[in-house]
Amino acid sequence: MSLALPAALLLALGIGFVVLAHALRRGAARLHVFPGAHLLEHQSITAKKRSRLEDRALLALRSLMVLALALLAASPSVSCSQFALARSSGASVAAILVLDDSASMAARLDDGTKRFDRARETASRLVDDMQAGDTTAVVLMGHPARVLVAPTHDSRGSLDALQSALVTERGTDLEGALELARNLLSTTPQSDQRIVLLSDLSTAAMDEVSLDDVVIPQLSLTEPLVNCAVVRATHQGQGVAVELACTDETALRDRTLLLIDEAGQPVAAPRAADSTVLMLPWEGEEKGNKSTAARVRLSASKADQIPEDDEGVILQAQAELVLGVRADSSRAGLKTGTATVLQSGLESLQRGVFVSPLSLLPDDETEFEPLAALLIDDPSGLHPEVRSALEQWVRRGGVAAAFLGPAVERAPLGSNFAPFSPNPPRWVRHDSPGAPADSTGALGPLTTTWTDLGASHRVEFIPTEEMQVLATWTDGAPLVTSLRLGQGLVFTTTLPASVDQSDFALRPAYLELLDALVTEAALRRGATAVDVGSSIAVSPTARVWGPDGQERPVLIDGESTTPPALAHFSPDRAGLYRIGEGNAVEGEVSRRFALRLPEEHVAQPRPAEAGASAGGAAQTRREVSISRHVALALLVLSFLELALRLLGPQLGPWRARTRQLSAVRPLSS
Amino acid sequence: MPSRPASLRQRLGSTPWPRLRIAGRHLAEGSISGAHRAARKGSGVEFAEHRPYCPGDDLRHLDSHAMLRHGRLLIRQFQADTERVAYLICDCTASMAYRGLSETEPRPSKAEYSLLLAAALGYLASQGGDGLGLSLLSEQEHRVVPVRATRLNFSRVLDSLELADERLRALEDELDGDQLERRGQVQLPPDEGSTVRLLDTLTARLPRGSVVTVFSDFLQLSSPVERALWSLCGRAREVRAVQVLTRTEVDFPFEGSLRFIDPENRRLVQADADSARAAYRERLDGLTQPLAARLTERGGRFVRVTTDVDPHAVLRDLLSPLGNAPSPRGRPR
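Residues numbered from 1 in each chain as written. Chains lettered and ligands numbered in written order. Predicted model: local features only at pLDDT ≥ 70, side-chain atom pairs only at ≥ 80, totals over all residues. Heavy atoms only, no water.

Of the regular secondary structure elements, chain A holds 14 helices and 33 strands. Expressed as a percentage of the 669 residues in chain A, the buried residues total 49%. Within chain A, counting contacts between residues at least 6 apart in sequence, those at least 24 apart form 72% of the total. Here chain A has roughly 31,200 Å² of accessible surface; of this, 54% comes from carbon and sulfur atoms. (Helix = DSSP H or I, 4+ residues; strand = E, 2+ residues; numbered from the N terminus. Buried < 20%, exposed > 50% of the residue type's maximum accessible area, 1.4 Å probe, protein only. Contact = heavy atoms within 4.5 Å. Areas by Shrake-Rupley, 256 points an atom, 1.4 Å probe, with all protein chains shown as cover.)

Here it is in structure tokens:
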């Protein structure tokens, strides 16, 4: 609590006068006129007036009143926990509020509220604090960044818009949101301009963008995230391939996966979720099952902070996966036949896949379209055309794997090994026997079967931070890595499939790797799936219905509306989106599935200091005057004092005995 | 607005008093025909008049014919009957203005109570044709109404009583402890000589068989006054001392350490009420025990009444030659 006039507290010294007045009043004992006084024996003890109950209470009340009066004169105010913008010299302010509505903001806090709700409440208070002449705007930070409220003086309208905002499953677009905010600020006339970022800051972009002009208030959203999300579920073959994204093992502990139909009823027994990628057996209606598995549900967990992402729609995969294999049979062939080790391994999985040997790597994107996955054994580099087509295909959901080998030393000019290796790999001699015996890589416990590979050489490269190391050599060098690229996945091994180089392809872990690769391909080969937040092109007259059955807005691209050329919509949540003309039942033309962004559901929040150190953020606190409350308390005390004085004689065991000169009652009864 | 207090006359006339006669134990001696048996007996006693029967009258004088004729009990009064003098002495000092601690309902002050009793006695005496006289004792001067047997004399007595009642009521406003304390203690002892002289005068002049009723709180009773009262019992005069006290003075209900101030001499006493209660009560009883014994020896009576007792009952007891007045609770006579 702070005081505007601390000197006024000196009024509290008035309590001394109150105490003195009561003390003087109490000085002598009560005096009674008594005709028989001479019959009493005088006693030398100092008789004191027995304190009355009402005296003590009156003294306390009056002392409190003096204190309240002194406090009121000092104009007290308290610093509230709510965030408020400090004003310089009383000028009007233009404030752009950047509100994070990405998926991570759906996490529950200790008190059960969502991070988004706390951020929105702070935004509402800021808008409510705006004064006449101030300008506010609201930008939503979910990908893509959007303007919720354009710069306006209408606080009420801004508040209503904030109340209607909902958290989504979009990714975080910090850079886009800040650019939008700065553009909006440039249109406001105020000299005092602020950008306020209301977010859990769970994005790597925090380290990449400038936050010098951004105010980041403390929202206390730093509680570590514990969450598991269903990222993708694809019906493929005799089962449903499920991919989960979890923050750590704790989030997945003791949880099960369940296949449910449209009505939410289970169609199969639950299976323990012991891995983030797993296959749930399901043969579908063709085998006589009465229900259709429509969704997959992860069992509830008290630790899970985002329960909304524990369920996902099952995508229907294509009838057969086509896996392209590029390998040199002279180097990677089997002694017992013409098939390559890769081909033989894929076929041995009995996953219903079609292996298509490729003599050359495609250099056109359309040639990649039929492929669900591409496996390349011991490549000698990728030409730019191949590289470009490959990357485009991977980003749209392709799965590529490269088993690097001695051919890396023979890369022609102009070629490199991206996206499999970010830097030029080398084929070197080494002393490591294989993977550590106690390691359990992301491929599961079978990774330990790579303990003694008998490889005198291996490929070495420096993996990037984005790469996930699935298995290592005993000296820590990567053995198997994966890289998420758009919707697709890229695997890289540092040994070729050839059995002449090592026993790598002869160990059970090799089949585990191929199986994971096929599963990843199967997941991505469902119905046409896009990331939440991505832009889906539609006709300008199209109508879009979301997973909840509610119609979604279709945004017309460009300024000219005669005729409008293109339109798009952006899925805000994971699930099925029906696109059509007319009503949802009759006019459906196509479907799109929006998939969750795994990184958004496992990213950890950052404290505001991280942002402050990066950009110099500042925050202020609001001083709220409590004089009104003190005045009310003083009024209540006054009434109490009055009541006590009036009722005092009736209170307590010592009643005041007073002489009453009332009408003498006639002695007659 | 508090209503104006009822005057003594109003209080006296607000209720019918019992038809009692002041009957003394001793034979009356007077020169005027009265309702009391004369000491002298003789022939030639002639019928004078009828008067209403009062309990205690000699039934031999009951006129049966008049009863049959008028339907009322009438006593034949003869010329040989001699009046008895009823003399009233009322203490009108400051202590009599004390009313006590108010409880659930207001009580009359000792003065109001005793003056009303005196007025009632005076009324009965005048109705019975007795001579009536009055002495009002106060700190400044004593007021005397000489003995007369006329109805006009009762008016004079009543006027005097009323004046005393009003004066004491006004004095009650001055009985403020803080004011009395500011005035300080009276250094000189109260003048009791005038009281003794008045009692001595009455002793010399009141006829034989007179009934003297003294109303006082007897809290400032000194030996000379006690002796004078005892002397008044001579010549077959009956002295009835009525000690009028408030319930507060009898019970001493105070608690805790308090200060007390005497309204007459303004003496200040500090005492712890709880520990002083027993001693006070003992002293109070002991104060009047010698007087009570002496009066009883000589055919008189000492009665203690409190202002919370019905005055009609007190009057009946006073006028009954054999009955007992309602005694203060817990205090045997």
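The rest of the description comes next.
Residues and elements named next belong to chain A. Taking burial as the measure, the nine residues of strand β9 (residues 228-236) include nine buried ones, the bulk of the element. Summarising the sheet, β9 and strand β10 (residues 239-246) pair through eight bridges and their orientation is antiparallel. Counterpart to Thr 234 in the pairing with β10 is Ala 241. Turn length for the β9-β10 hairpin, with the two strands adjacent in sequence and antiparallel, is two residues, and the turn residue Gly 237 shows positive phi of about 70°. Taken together, the three bridges between β9 and strand β15 (residues 311-316) define a ladder with parallel strand orientation. Bridge pairing in β15 links Ala 233 to Ile 314. (Pairing = 2+ DSSP bridges.)

Overall, the coordinates contain one disulfide over all chains when judged by the stated rule. Cys 92 of chain B forms no disulfide, and the closest cysteine sulfur to it belongs to Cys 90 of chain B, at a distance of 5.9 Å. (Disulfide = S-S within 2.5 Å.)

Once that is clear, we can look at a nonpolar patch on the surface. Residue and element names in this part refer to chain A. A cluster of nonpolar residues, Leu 632, Leu 635, Val 636, Phe 639, Leu 640, Leu 642, Leu 646 and Leu 647, forms a patch on the protein surface that exposes about 800 Å² of accessible area. With respect to the helices and strands, Leu 635 occurs in helix α14 (residues 627-647). A residue is classified by how much of its surface remains accessible, and Leu 635, at 46% relative accessible area, is partly exposed. (Patch = residues over 30% accessible without salt bridge, like charges linked within 9 Å, V, L, I, M, F, W, Y side chains within 5 Å. Salt bridge = Lys/Arg side-chain N within 4 Å of Asp/Glu carboxyl O.)

Residue and element names in this part refer to chain A. Per-residue pLDDT for chain A has a mean of 81; in total, 81% of the residues score no lower than 70. Confidence scores differ between elements of chain A, with helix α13 (residues 608-615) showing the lowest mean pLDDT of 44 and strand β19 (residues 399-403) the highest of 95. A low-confidence stretch, residues 610-619 (pLDDT under 50), is modelled with 23 contacts involving residues beyond four sequence positions or located in other chains. The low-confidence segment residues 652-669 (pLDDT under 50) makes 37 contacts with residues lying over four places distant or belonging to another chain. (pLDDT = per-residue confidence, 0-100.)

The subject of this paragraph is the sheet that holds strand β29 (residues 555-556) of chain A. All names here are of chain A. If you trace the three strands from one edge of the open sheet to the other, you get β26-β30-β29, paired in antiparallel fashion. With one partner strand each, in any of the chains shown, β26 (536-538) and β29 form the two edges of the open sheet. Alignment of β29 against strand β30 (residues 567-569), held across two bridges, turns out to be antiparallel. When the sheet's bridge partners are listed, Leu 555 is paired in β30 with His 568.

This next bit is on the nonpolar core. In globular proteins that are soluble, nonpolar side chains generally tend to be buried together. Leu 375, Trp 450, Leu 479, Phe 504 and Tyr 510 of chain A are the most contacted members of the largest nonpolar core, which totals 65 residues. With eight residues, the single largest contributor to this core is helix α11 (residues 508-524) of chain A. In this structure, Ala 119, Ala 120, Leu 171 and Phe 215 of chain B belong to the second largest nonpolar core, which totals 45 residues. (Core = buried A, V, L, I, M, F, W, Y, C linked by side-chain atoms within 4.5 Å.)

Moving on to the environment of Ala 251 of chain A. All names here are of chain A. When you line up the elements, Ala 251 lands in helix α6 (residues 249-252). For the pair Ala 251 and Ala 303, spaced 52 residues apart in the sequence, the C-alpha separation amounts to 6.6 Å. Those residues in contact with Ala 251, other than ones at most four positions away along the chain, are Val 226, Asn 227, Cys 228 and Cys 246.

Moving on, we come to the packing of aromatic side chains. What characterises a pair of aromatic rings is the spacing of the ring centres plus the angle enclosed by the ring planes. For the structure on display, the rule yields 17 aromatic pairs over all chains. Taking 5.8 Å as the distance between ring centres and 55° as the angle between the ring planes, the aromatic pair formed by Phe 34 of chain A and Phe 260 of chain B counts as tilted. Taken together, the residues span two chains, with Phe 34 of chain A in the loop between β2 (31-33) and α2 (53-73) and Phe 260 of chain B in strand β8 (residues 257-261). The exposure classification of Phe 34 of chain A matches that of Phe 260 of chain B, with both residues buried. (Phe/Tyr/Trp six-rings, centres within 6.5 Å; stacked < 30°, edge-to-face > 60°.)

Looking now at the packing of helix α6 (residues 193-205) of chain B against helix α7 (residues 223-232) of chain B. All names here are of chain B. At a minimum axis distance of 9 Å, the contact between α6 and α7 shows a crossing angle of 10°. Considering their axes alone, α6 and α7 lie roughly parallel with respect to each other. Residues Thr 195, Val 196, Leu 199, Asp 200, Leu 202 and Thr 203 of α6 pack against Pro 224, Val 225, Ala 228, Leu 229, Ser 231 and Leu 232 of α7. Taken together, the residues of the contact of α6 with α7 break down into eight nonpolar, three polar and one charged. (Axes fitted to C-alpha atoms, helices over the stretch in contact; angles between N-to-C directions. Parallel < 35°, antiparallel > 145°, perpendicular 65-115°, else oblique. Nonpolar A, V, L, I, M, F, W, Y, C, P; charged D, E, K, R; others polar.)

All names here are of chain A. Mapping Glu 520 onto the fold places it in helix α11. Residue class for Glu 520 comes out buried when judged on its relative accessible area of 7%. For the pair Glu 520 and Ala 372, spaced 148 residues apart in sequence, the C-alpha to C-alpha distance is 9.1 Å. Not counting residues within four places of it along the chain, the set of residues in contact with Glu 520 comprises Glu 243, Val 277, Val 399, Leu 489 and Phe 491.

With that settled, consider the sheet that holds β19 of chain A. Residue and element names in this part refer to chain A. One open sheet accounts for seven strands, arranged β17-β16-β18-β19-β24-β23-β22; its pairing is mixed. Since the sheet does not close on itself, it has two edges, and those belong to β17 (353-357) and β22 (468-472), each with one partner. If you compare each strand with its neighbour and ignore which way they point, the axes differ by 15° on average. With respect to the sheet, helix α8 (residues 341-348) is in contact with β16 (321-326), β17, β18 (373-377) and β19, its orientation differing from that of β17 by roughly 170°.

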